[in-house]
Amino acid sequence: MELSNITKPLLQLFKERFEANSGSAYILAGLDDLPKTLSTIFNDAGVKKAVAARIPKRFEEVIISTLTASGVELIHGASSGEINMADAGITYADYGIAETGTIVEITATDLERLASSLPRIHIALLHLGNLLPSVEALAEPIKRALQPPDSRKYITLISGPSRTSDIELRSVLGVHGPHQVHVIVYGGV
Amino acid sequence: MSLKSHKKIAKKVSEILGAGRRGTLLEEAMKRGREGRLKALQELSDPHAFRMECRKIKERSITNMETLLEKFIINASRRGCKIHLAKDGVEAINHIIRIATEAGAKSITKTKSLTTEEIELNTPLEERGFKVVETDLGERIIQLAGEKPFHLVFPAVHKSVGEVANLFSQLMGRDIRPRIDDVMEAVRESLRSVFLQSDLGITGANIAIAETGTVVIETNEGNEQLVTSIPRIHIVVMGVEKIVDTVEEAVNLIRAHPMSSTGQLLTNYVSFISGKPPSGHDQSSNGEMHIIILDNGRRAMREDSLFREALYCIRCGACMNVCPTYSVVGGHIFGHIYPGPIGIPWTAKIHGIDKAAFSTLCISCGLCREVCPVDINIPMMIAGVKMMDLERGRQPLVNRALMGYESLYTLASVIPPVYNWLTRRSFVKVLMEYLLGIDRRRPIPPVSKISFKKWFSRRAGPRRMGDLKVSLFVDFFPNFIKPHLAMKVVQILEEAGAIVDLPPQRSSGYPYIAYGELKKALKVAQYNVDNLIKSVENGGVIVSLEPTATYALKFAYPHLLNVYPSSKKVAEKTYGVMEYLSHLVNIGRLKVFTSTPRRVGVHIPCHQRSLDGAANTIKLLKMAGHEVKVVETGTCCGMAGSFGMKKGPLGYDLAVEVGGVLFQLLKESNVDVVATESSVCSIHLEQGTGIPVLHPLELMELEHNPQTSTLNFHDGDG
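Asker: So what about the interface of chain B and chain A? Which residues, and what values?
Answerer: A common way to report how large an interface is uses the accessible area buried once the components associate. Counting from both sides, the interface comprises 71 residues of chain B and, opposite them, 56 residues of chain A. Summed over both sides, the interface of chain B with chain A buries roughly 5400 Å², with 56% coming from carbon and sulfur. Considering only the side of chain B, the residues that lose the most area to chain A are Arg79, Arg188 and Asn268 of chain B, jointly responsible for 12% of the buried surface there. At the junction of chain B and chain A, the tally comes to six salt bridges. When the shortest N-O distance is used, the salt bridge between Arg113 of chain A and Glu224 of chain B registers 2.8 Å. Our count for the chain B to chain A interface comes out at 39 residue pairs in polar contact (both at pLDDT 80 or more). Mapped by element, the contributors of at least two residues to the side of chain B that touches chain A are helix 2 (24-41), helix 4 (65-78), helix 8 (137-145), helix 9 (161-172), helix 10 (180-197), helix 11 (223-229), helix 12 (247-261) and strand 9 (269-274) of chain B. In terms of residue count, the dominant contributor to the side of chain B that touches chain A is helix 10 of chain B (ten residues).

The following block contains the structure:
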């Protein structure tokens, strides 16, 4: 797939801004690169156990085989206590926002949401086509996600790892949530 | 400001100043906030338009408060939320205790929420046996230390890493080394088990959205997800003013908030929570989400035309990041529960006027309004609080003396040599300090031999022909103390082809606003507007010589006289002197030069920041041939009109402390001279730095340009 003239600068901006937020962004040349990218993250971060949530069907197989090949145990994540045992959470990001370097997760259960909030490492998959230029552009998708009007959802905007400057104004990552956030952008190039 | 409040706060300030400064980290936090904000604003194509858009959102939100509340209740209820209305803190607390008791909850986790602090929720919960843990790190530190937040965004900024390590060592029963990484690991470990065992989470709300029944919560630490998604029950405590209508409005506000607060483009985590989703797909939903909607004085605030705007506050903390006296004393003195400038009206209206004595710390520099992302007129509300406070006691003598300066100088100008001789004598200065409270260390500006107004009425041969009509507004200083400046302005204006007149006028009366005498301020405003409007109706413009006076005419009068259309017309036609002269240069009426180019440091007076920000001063100084640099800290020099004239901690001492950083910068800046349009700033800066401080007009000559044009005011500006 060819990147349109519009998407390319958007993708560059997204990567730049996401990394300015202390996240790491990977742009896959093709889906064949996914195992290598994942296993590098697992190895570098010393991941032993992982949970996965809302992974698109077509990635399930490749992710499971990569986990096995990297010696990472996939745990079920049936409770918050269980998710807490994982070193990494692998999730699907519904949208990305270029101007702020943000990923957006729309989750319909607590546990799906905790998969990106409890472990020290968060890895998110983002489809290039879901990259939005601005925060403003998120208004429509939010409204759509909140249909029907009796549905219950979390829409979480994530701009980098958990962060605090509460002690002596020194910026520290990972106080409660992830120390590292990796986003893997696929579907382009 | 009443004597009672003055004494109470003066004592606390004196302790702080006496103990040596503890504010270095606070100052650093504030500086980062200010710089971050400026950088983030560059992201916007039109910061002014964005600010006005955000203000409109909040205006609509407060105008339609009751309708939006109904709509929100309907839509949140559809998503299974239980809504509980609370008219005050007690009702809110009772709702929360009932919900927690019925659910059999034991362990409560919380995110940072000023609203729960406002109602002092934690103590009654703990008294009933619930374990309550604050999970925002700063709030947790404060909770363990048993203190109140020092800053809105950085509640524990006054604690060193060593102190924090001690707190967590005690909590965890083992030694935590005073290193930031060790402390963080300990924090994560100790809070992780608390999160996992919690059965009830309490959060505030940054915004609520009526059309979707959604609550928006922002955190940087990511504790909110753990507070809302681990426990079975989520309780939101929010003020009724937080509801906006649409998702579009909410996405604007989630940008405005971090930009003004820390300079982030977006807070790290922003959650749109719409009902309590089930725990997992294999379980039926048994979670609960309760939303407590609190009035606690907000509806009364909405009905009060002066304080209504306080409800627009989005709690970004930008106003405290720029507040000069807050930077010295911190939030424990400059605050009750709501700290800083916006904390003054909130405290007065929510917790009562006797808790708002810290309003006396406001020196009326007006910078809080400048940085407010929704353009709240905080200074005017603070003046209102000072007025409420005055109803409880009399004005301290020194404030009365300084507000009465005009009559004193009118008297003094009858016999200038005697007055000037007297005010140079040390015994008189001691006497003035003793009797009036004017600090003996301040030089008393000598009164000029002839006041400008007297000179103007007597002068021979004023220009009677010309195509420009200019009415001068000459405040106290250029009238009595520096009349040569005003004379020079007359001469330049006439060179440029203007007919200059001086309508009857009194000094701007801004000190009345600063000291909470709004009724007196109103009288002066009315008098001046009634006289100046004639010039405007005659097709003229008003040119004002002091930034504070210009600010009063342009911003304070229209607010005081809000139903009075003349006031707006006068405001529209009022220009600062350098702004107007710069215009005359632009249209080719004047040329500017100097015979002695120098290195000039420009000081921007606070009130000028909402005018032209000294842009015209800078431009003309450069055109004249000077080497110009702006030297600034981004906050006030500390003088703030007459504040720095006063004796003691709430005056001279605090003014010098505030000015210290700027004095140092000026001394290091290697300039020959400082230029500023404000006369009072110049007294303070000259005394603090030893560098001569001049009015920009004293550093340039402006002369008739032979190639004149006859363009109207705006046509030639580019």
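Asker: Explain empty space enclosed by the protein to me, and be specific about the residues and the numbers.
Answerer: All names here are of chain B. This structure, assessed with the given rule, holds seven cavities of 30 Å³ or more. In this model, the largest cavity occupies a volume close to 720 Å³. Along its surface, the largest cavity is lined by 45 residues, and Pro511, Ala640, Gly641, Ser642 and Val680 are the ones closest to its centre. For the lining of the largest cavity, the elements supplying multiple residues, two or more each, are helix 19 (397-403), helix 20 (405-412), helix 24 (476-481), helix 26 (510-514) and helix 33 (679-689). Take the lining of the largest cavity: its biggest share by element is four residues, from helix 33. Residue classes in the lining of the largest cavity are distributed as 30 nonpolar, eleven polar and four charged.

Asker: Give me the lowdown on helix 4 of chain B, citing residues and values where you can.
Answerer: Residue and element names in this part refer to chain B. Helix length check: helix 4, at 14 residues, gives a terminal C-alpha distance of 20 Å against a target of 20 Å (1.5 Å per residue), a fit within 8%. Of the residues making up helix 4, those classed as buried are Met65, Leu68, Leu69, Phe72, Asn75 and Ala76. Viewed end-on, helix 4 has its buried residues packed into an arc of 140°, placing them on one side of the element. Residues of helix 4 that are exposed and point over 90 degrees away from its buried face: Thr67, Glu70 and Ile74.

Asker: Before we move on, can you summarise the side chain of Lys276 of chain B with the specific residues and values?
Answerer: The topology assignment puts Lys276 of chain B in the loop between strand 9 and strand 10 (288-294). Classification of Lys276 of chain B as buried rests on a relative accessible area of 3%. Only 3.4 Å separates the side chain of Lys276 of chain B from the side chain of Asp110 of chain A, close enough to count as a polar contact.

Asker: Let's hear about the packing of helix 16 (residues 340-351) of chain B against helix 18 (residues 378-390) of chain B: which residues, and what values?
Answerer: All names here are of chain B. Where helix 16 contacts helix 18, the axes come no closer than 9 Å and their chain directions differ by 45°. Judged by the inter-axis angle, helix 16 sits oblique to helix 18. The interaxial crossing formed by helix 16 with helix 18 has left-handed handedness. Residues Pro341, Ile342, Ile344, Pro345 and Ala348 of helix 16 touch helix 18, and the partners they reach there are Ile378, Met381, Ile382, Val385 and Met388. In terms of residue class, the contact of helix 16 with helix 18 is made up of ten nonpolar, no polar and no charged.

Asker: Report on the pairing of strand 7 (residues 233-239) of chain B, specifying residues and quantitative values.
Answerer: All names here are of chain B. Of all seven residues in strand 7, seven are buried; the element is thus mostly enclosed. Neither face of strand 7 is left uncovered, since the one carrying Ile233, Ile235, Val237 and Gly239 and the one carrying His234, Val236 and Met238 both have all their residues buried. Across four bridges, the pairing between strand 4 (residues 200-203) and strand 7 is parallel. Opposite Leu200, over in strand 7, you have Ile233 as the bridge partner. Here strand 7 pairs with strand 10 via seven bridges, running parallel.

Basis of the calculations
Residues numbered from 1 in each chain as written. Chains lettered and ligands numbered in written order. Predicted model: local features only at pLDDT ≥ 70, side-chain atom pairs only at ≥ 80, totals over all residues. Heavy atoms only, no water. Contact = heavy atoms within 4.5 Å. Buried area = accessible area lost by both parts, 1.4 Å probe. Salt bridge = Lys/Arg side-chain N within 4 Å of Asp/Glu carboxyl O. Polar contact = N/O pair within 3.5 Å; in protein donor to acceptor, adjacent residues only side chain to side chain. Helix = DSSP H or I, 4+ residues; strand = E, 2+ residues; numbered from the N terminus. 1 Å grid on protein atoms, 1.4 Å probe; cavity = no way out; pocket = protein on both sides within 12 Å on 5 of 7 lines; lining within 4 Å. Points joined across faces, edges and corners; volume = space filled by probe spheres on them. Nonpolar A, V, L, I, M, F, W, Y, C, P; charged D, E, K, R; others polar. Expected span 1.5 Å × (residues − 1). Buried < 20%, exposed > 50% of the residue type's maximum accessible area, 1.4 Å probe, protein only. Arc of directions from axis to C-beta. Axes fitted to C-alpha atoms, helices over the stretch in contact; angles between N-to-C directions. Parallel < 35°, antiparallel > 145°, perpendicular 65-115°, else oblique. Left-handed = near helix turned anticlockwise from the far one by under 90°. Pairing = 2+ DSSP bridges.

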